[in-house]
Amino acid sequence: MHNSCSTMQSHFVDITTEVPEAHPVAPPPKQTTLQRLKIWIKETFFSDDPLRQFRGQPLQRKLILGAQYVFPVLEWAPKYNLKLLKSDLISGITIASLAIPQGISYAKLANLPPILGLYSSFVPPLVYVVLGSSKDLGVGPVSIASLVMGSMLQDEVSPIEDPDLFLKLALTSTFFAGLFQAALGILRLGFIIDFLSKAILLGFMAGSAVIVSLQQLKGLLGIKHFTKKMAIIPVMKSVFHKTDEWSWQTIVMGISFLIILLVARHVSIKKPKLFWVSAGAPLMCVIISTILAFAIKAQHHGISIIGKLPKGINPPSTDKLIFNGSHLSLVIKTGFITGILSLTEGIAVGRTFAALRNYKVDGNKEMMAIGLMNVVGCTTSCYITTGSFSRSAVNNSAGAKTAMSNVIMSLAVLVTLLFLMPLFHYTPNVILGAIIITAVIGLIDIPAAYLLWKIDKFDFLVMLVAFFGVIFISVQYGLAMAVGLSILKVLLQITRPKTVMLGKIPGTDIYRDLHHYKEAARVPGFLILRIEAPINFANITYLHERIIRWTEEVEENNLMTDFSLQFVVLEMSAVSTVDSSGVSLFKDLNTALGHKGVELALVNPLAEVLVKLKKADEGHNKIREDYLFVTVGEAVASLSSTMKRPTVGEEVQETVVEY
């Protein structure tokens, strides 16, 4: 947008005396209000046209396609075979080795009983297999949603002083998260999650990774009394004000296993074929640390352990959902924020791996699948789950062919719940902190941040606001600040639309931006502008002032060079729509330009815009048919023949024009 005045060298081209036949601007076909409404609804909410697969199909085929659309499992299950099962079996067992320690760790990150992490790795994946459309998505608890849920709920309820109420609030928040997610899919309102841009997510995830890692210092140092706040300053104060609680045994064990996990992660990054090293490292560390803790009686040496975990599958938890009382607004707010975050992560991960394997993931199906698995999950003692990037990456690398790998993972978790829970009794809490740090460190994407800096400085600023807002204020406020800044950017683009001045490229009938194409030349007597945005109530004042200012600048210049401005031509190919306020812009421009002896012409107004302009101009005295053109070239050629006074000869004249 060329808002500021700058001095540029411009030249004028001669106007040809030959007037080619101008093509009339054809009126769009007439449509009723209902027809226009149907088209708007289709293009807004059904841009993928999901019903096109049913056209021309017999009834029986339509029923089959309908069932497959609602339950994607019906599409691939009939073609399933032993070869696919072999691949899914390997990948399912591999991600189970990652899911078990991660589930326990993330539940503690959310200030919930560790067993809920395993419950949440059992039931939700089974629901997703039936409803989800991704072949690679590994479903379960994730660090970001766990962190946000834990931090938001503990602002009002202490997980230590009132763990039962905290658990109820977490399960109820999961219900509302699932409800929001499913509703977005059913109502096809997925564009809401688009407000979380890549810049926001980069900064938010990096900031969350820092905060999550710093929070694990409690476990790595053996501190018993730690701050509930998530910002970096209170966390670091808590660390250094509690040096008397540090346990050297815990520190040695934590750092040792953290180094092992980081080395395993580094090996898998450098050599992707060794993905199983980082995938199996967390479980191996849990096993080794548990054996070590049992052998040395760690609890007697200042090393805290998980303790007894209940055996058995998920107990029903419908009775724990609360829909009244003073905490209702808290669970709704927590559910909405965690729901949006987990939905964004799940869909982003699913689409990433779908692009790698060249298949399509339906965003609306994913919203419904993730939403319904959380609604079902909250009734079976599961807290919020989604597609995990780490699990999905391992799942893809291990060669998963279908979503059946999630079933294999669930069965492995089931075996753990039924028979192996006593083995986790002596698992040190410090190893869970090390696992979390290793998992979230991958969320800090420095190359992506650098690329953002090179491409768009404003987006880089948004990323920094999200990052520093999360680490210095809080997770939710940091996210809110970044979203607010992104919305401000959109509002600026709406209220200050790009408008450029066009000139003719010599020897052609092509008109391009004078600031971009230095060889482009001004046409004497014409001010040719291109508006590159919809026209609405938010930008009509700016557009009016900008266009009038341009005419005044051109007129001032014309007085010095004997050129008189006679026509303002608006090229409107990029004006996709205009509202009722936008229509008034053209009336006001006509009036203002008429007082200056300048006439307004429009080039290539789109159908919707043309219809509204004509309906608003009942007297036919503002939008004249002979001042509507298909191309700028035809407009200049046609209008130049009606100019009151030709102002240049055949020679090209040079002048300095102020814009």
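About the cut-offs
Residues numbered from 1 in each chain as written. Predicted model: local features only at pLDDT ≥ 70, side-chain atom pairs only at ≥ 80, totals over all residues. Heavy atoms only, no water. Domains from an automatic or database assignment. Phe/Tyr/Trp six-rings, centres within 6.5 Å; stacked < 30°, edge-to-face > 60°. Buried < 20%, exposed > 50% of the residue type's maximum accessible area, 1.4 Å probe, protein only. Helix = DSSP H or I, 4+ residues; strand = E, 2+ residues; numbered from the N terminus. Axes fitted to C-alpha atoms, helices over the stretch in contact; angles between N-to-C directions. Parallel < 35°, antiparallel > 145°, perpendicular 65-115°, else oblique. Left-handed = near helix turned anticlockwise from the far one by under 90°. Contact = heavy atoms within 4.5 Å. Nonpolar A, V, L, I, M, F, W, Y, C, P; charged D, E, K, R; others polar. Pairing = 2+ DSSP bridges. UniProt positions renumbered as here; feature names shortened; annotations may be inferred. Salt bridge = Lys/Arg side-chain N within 4 Å of Asp/Glu carboxyl O.

- Per an unreviewed UniProt entry, the recorded name for the protein is Putative SLC26A/SulP transporter, and the organism is Lupinus albus.

A word on the domain arrangement of the protein
(1) Moving on: The domain boundaries assigned to the protein delineate domain 1 (80-306 + 326-488) and domain 2 (496-641).
(2) Moving on: The gap between the C-alpha centroids of domain 1 and domain 2 is 54 Å.

A look at the packing of aromatic side chains
(1) Moving on: Inspection of every chain in the model, using the stated rule, returns 13 aromatic pairs.
(2) Moving on: Ring centres 6.4 Å apart and planes at 50° place the aromatic pair Phe 240 and Trp 246 in the tilted group.
(3) Moving on: A relative accessible area of 51% places Phe 240 in the exposed class.
(4) Moving on: Judged by centre distance (5.2 Å) and plane angle (25°), the ring pair of Phe 526 and Phe 567 falls under stacked. One end of the pair, Phe 526, is in strand 6 (residues 526-531); the other, Phe 567, is in strand 7 (residues 567-571), with 41 residues separating them in the sequence.
(5) Moving on: We classify Phe 526 as buried; its relative accessible area is 1%.
(6) Moving on: On the basis of relative accessibility, which here comes to 1%, the residue Phe 567 falls in the buried class.

Focus: the packing of helix 4 (residues 82-109) against helix 16 (residues 389-397)
The angle between the axes and the distance between the axes are what describe a pair of packed helices.
(1) Moving on: The contact between helix 4 and helix 16 brings their axes to 9 Å, and the two run at 160°. What the angle tells us is that helix 4 and helix 16 run roughly antiparallel. Relative to helix 16, helix 4 is oriented so that their crossing is right-handed. Touching Ser 91, Thr 94, Ile 95, Leu 98, Ala 99, Gln 102 and Gly 103 of helix 4 are Ser 390, Arg 391, Val 394 and Asn 395, all from helix 16.
(2) Moving on: Looking at the contact of helix 4 with helix 16, its residues break down into 4 nonpolar, 6 polar and 1 charged.

Digging into the pairing of strand 4 (residues 499-504)
(1) Moving on: With respect to burial, strand 4 is a largely interior element, 5 of its 6 residues being buried.
(2) Moving on: As paired strands, strand 4 and strand 6 are joined by 3 bridges and run antiparallel to one another. Note on strand 6: the bridge partner recorded for Thr 499 is Ile 531.
(3) Moving on: Of the pairings in the sheet, the one linking strand 4 to strand 5 (residues 511-513) comprises 3 bridges and is antiparallel in character. Within strand 5, the position partnered with Gly 503 by the bridge is Arg 512.
(4) Moving on: Here strand 4 folds back onto strand 5 in antiparallel fashion, the turn holding 6 residues, of which Gly 507 has a positive phi close to 80°.

Here we look at the UniProt feature "transmembrane region" (unreviewed entry) in the protein
(1) Moving on: Under the UniProt annotation, "transmembrane region" (unreviewed entry) lies at residues 112-130, 165-187, 199-217, 246-267, 274-296, 407-424, 430-453 and 460-488.
(2) Moving on: Split by type, residues 430-453 is 79% helix and 0% strand. Its first and last C-alpha atoms lie 37 Å apart.
(3) Moving on: Here residues 460-488 runs as 93% helix and 0% strand, with 14 Å between its end C-alpha atoms.

Some points on the pattern of salt bridges
(1) Moving on: Tallied over the entire structure, the rule returns 9 salt bridges.
(2) Moving on: The partner of Arg 357 in a salt bridge is Asp 136, with the nearest N and O atoms 2.8 Å apart. Highlighted residues: Arg 357 in helix 14 (residues 328-357) and Asp 136 in the loop between helix 6 (123-131) and strand 2 (138-140), separated in sequence by 221 residues.
(3) Moving on: Here Glu 552 ties to Lys 596 by a salt bridge, and the two come within 3.8 Å at their closest N and O atoms. Here the residue Glu 552 occupies a position in helix 22 (residues 540-561), and Lys 596 occupies one in the loop between helix 23 (580-595) and strand 8 (599-603), the gap between them amounting to 44 residues.
(4) Moving on: Given the relative accessible area of 35%, Glu 552 is considered partly exposed.
(5) Moving on: Look at the salt bridges and you will find they share partners, linking Asp 164, Lys 168 and Lys 320 into a network.

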